[in-house]
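These are the residues of each chain, in order.
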Amino acid sequence: MHASSRAAMEESRASLQEKSQGARSRNHGDVLLTLSDELFAVADLLDGQPSLRRALSDASVRPDDRAGLARRLLSGQLGADTMSVVETVARQRWSRPRDLVEATETLGTEAALDAADARGELEGVEDELFRFGRIVAGDADLARILGDRSAPREGKTALLDRLLAGRVSPVTERLVRNALTSSHVHNPENEVERLSTMAARRRGRSVAHVTSAVPLTAAQEQRLIDVLGRLYGRTMGLQVQVDPDVLGGLVVRVDDEVINGSIAARLEASGRRLAG
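It should be emphasised that the depicted structure is a prediction, and the values quoted were computed from it without experimental measurement. Residue positions within a chain follow its written sequence, with the count starting from 1. Owing to the predicted nature of the model, reporting of local features is limited to residues with pLDDT of at least 70; listing and counting of side-chain atom pairs is limited to 80 or more, with chain, interface and lining totals taken over all residues. For side-chain calculations, the full set of non-hydrogen atoms in the structure is used, while hydrogens and water are omitted.

## Description of the domain arrangement of the protein chain
Here's step 1: Per the domain assignment, the segments making up the protein chain are domain 1 (1–118), domain 2 (120–201) and domain 3 (204–275).
Here's step 2: One C-alpha centre belongs to domain 1, the other to domain 2, and the line joining them spans 22 Å.
Here's step 3: Contacts between domain 1 and domain 2 engage 16 residues on the former and 16 residues on the latter.
Here's step 4: In short, buried area is how much 1.4 Å probe accessible area vanishes from two parts on joining, totalled over both. Surface buried jointly by domain 1 and domain 2 totals about 1400 Å² across both partners, of which 58% is contributed by carbon and sulfur atoms.
Here's step 5: A side-chain nitrogen of Lys or Arg and a carboxyl oxygen of Asp or Glu constitute a salt bridge if their distance falls within 4 Å. Between domain 1 and domain 2 we count three salt bridges in total.
Here's step 6: The salt bridge partner of Asp37 is Arg174, with a shortest N-O separation of 2.9 Å.
Here's step 7: As used in this structure description, the phrase polar contact means that two N or O atoms lie within 3.5 Å; if the pair is within protein, one of them must be able to donate a hydrogen and the other to accept it, and residues adjacent in sequence are counted only when both atoms belong to side chains. At the surface where domain 1 touches domain 2, the tally comes to 10 residue pairs in polar contact (both at pLDDT 80 or more).
Here's step 8: Contributing elements (two or more residues each) for the side of domain 1 that touches domain 2: helix 2 (26–48) and helix 6 (97–118).
Here's step 9: Helix and strand labels come from DSSP, where a helix needs a run of H or I of at least four residues and a strand needs a run of E of at least two; each type is numbered from the N terminus. By residue number, the principal contributor to the side of domain 1 that touches domain 2 is helix 6, which donates nine residues.
Here's step 10: Any residue that is not Ala, Val, Leu, Ile, Met, Phe, Trp, Tyr, Cys, Pro, Asp, Glu, Lys or Arg is counted as polar, Gly included; the first ten are nonpolar and the last four charged. Split by residue class, the side of domain 1 that touches domain 2 holds seven nonpolar, one polar and eight charged. Domain borders in the structure are assigned automatically or taken from a domain database. Note on contacts: a residue pair is in contact if any heavy atoms of the two residues lie within 4.5 Å.

## Structural notes on the side chain of Lys156
Here's step 1: For Lys156, the location among the structural elements is in helix 9 (residues 153–164).
Here's step 2: Buried charge Lys156 goes without a salt bridge, the closest partner of opposite sign being Asp148 at 6.3 Å.
Here's step 3: Here the side chain of Lys156 touches Leu146 through a polar contact of 3.1 Å, landing on its backbone oxygen. Here's how the labels work: a residue is buried when its accessible area is under 20% of the maximum for its type, exposed when over 50%, partly exposed in between, all with a 1.4 Å probe on protein chains only. Here the positive residues are Lys and Arg and the negative ones are Asp and Glu; neither His nor the chain ends is included.

## A few points about the nonpolar core
Here's step 1: Membership of the largest hydrophobic core comes to 51 residues, with the highest contact counts inside it found for Leu39, Val86, Phe132, Val171, Leu175 and Leu180.
Here's step 2: Top element by residues in this core is helix 6. It accounts for 10 residues.
Here's step 3: With residues up to four places along the chain from it excluded, the contact list for Val86 reads Leu39, Val42, Ala70, Leu74 and Leu78.
Here's step 4: Residues belong to a common nonpolar core when they are buried Ala, Val, Leu, Ile, Met, Phe, Trp, Tyr or Cys residues joined through side-chain atoms within 4.5 Å. Core analysis: the second largest hydrophobic core is formed by 10 residues, Ala208, Val210, Leu228 and Tyr232 among them.

## Observations concerning the packing of helix 2 against helix 5 (residues 80–91)
Packed helices, taken two at a time, are described by the angle between their axes plus the distance between the axes.
Here's step 1: Closest axis-to-axis distance for the helix 2/helix 5 pair is 9 Å, and the angle between their directions is 45 degrees. Between helix 2 and helix 5, the interaxial angle falls into the category oblique. As helix 2 packs across helix 5, the resulting crossing turns out to be right-handed. Here helix 2 contributes Leu35, Glu38, Leu39 and Val42 to the contact with helix 5, which in turn contributes Asp81, Thr82, Val85 and Val86.
Here's step 2: Here the residues of the contact of helix 2 with helix 5 sort into five nonpolar, one polar and two charged. Only the stretch in contact is used when fitting a helix axis, every axis being a line fitted to C-alpha atoms; angles between N-to-C directions are given from 0 to 180 degrees. With respect to orientation, any angle under 35 degrees is reported as roughly parallel, any angle over 145 as roughly antiparallel, any angle of 65 to 115 as roughly perpendicular, and every other angle as oblique. Handedness of each helix crossing follows the sense of rotation of the near helix against the far helix: counterclockwise by less than a right angle gives left-handed, clockwise gives right-handed.

Here you go:
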């Protein structure tokens, strides 16, 4: 996002945070989950109605008039809290109309994570997202279908319902369904990983994605957490994938930085030196 849209996003996020405050309880979590569902629905509407998103982001129109337009169109279809957030979004100055869609989707995601936190399920949601991301990464046909922008949204939704319904938290189900049925999804594995990372950050952690030839013991995982915590200067969490192709050692990725200590990488490097 450009600078003006980033500022608009912060103002919109502040409005959402006002609605998210409250005691941690399943009831409050359910309220936030409804707020999330409604924000996702608004994002879908804006995505499918270019003229509407242009009208709600037109800088030549007074902010209150843009908010009034949103209220006239959506009042009665949204709860009071959601309507308040949408009006705040409409009042902001966005660099381009498409930013309005992305901002509303982001707010829906953050509301869902707030719901998970209120329900005491944030750690479980993070784990479920990671595990589903591994399922997508390991199934080329599934990844192809979910990454196909021309595939009907209804078909993707039905497929995800079959895979997730009753098997994961309602929060996880909503997050995955919204992300992977979006019109601009390209790499479903990356989308799910992004959600898992957002959940981890909500818990005050950074995530190290670890690939190992064999499962790590609890003691090994704790030692790695301690080492990475000292190296990066912040609390770390691990998401471990077992892949025999690394032969031995570990491949660790934190954000865009990769530490490749695998035997496979060393053999490859040795081969390049010999060939040179």
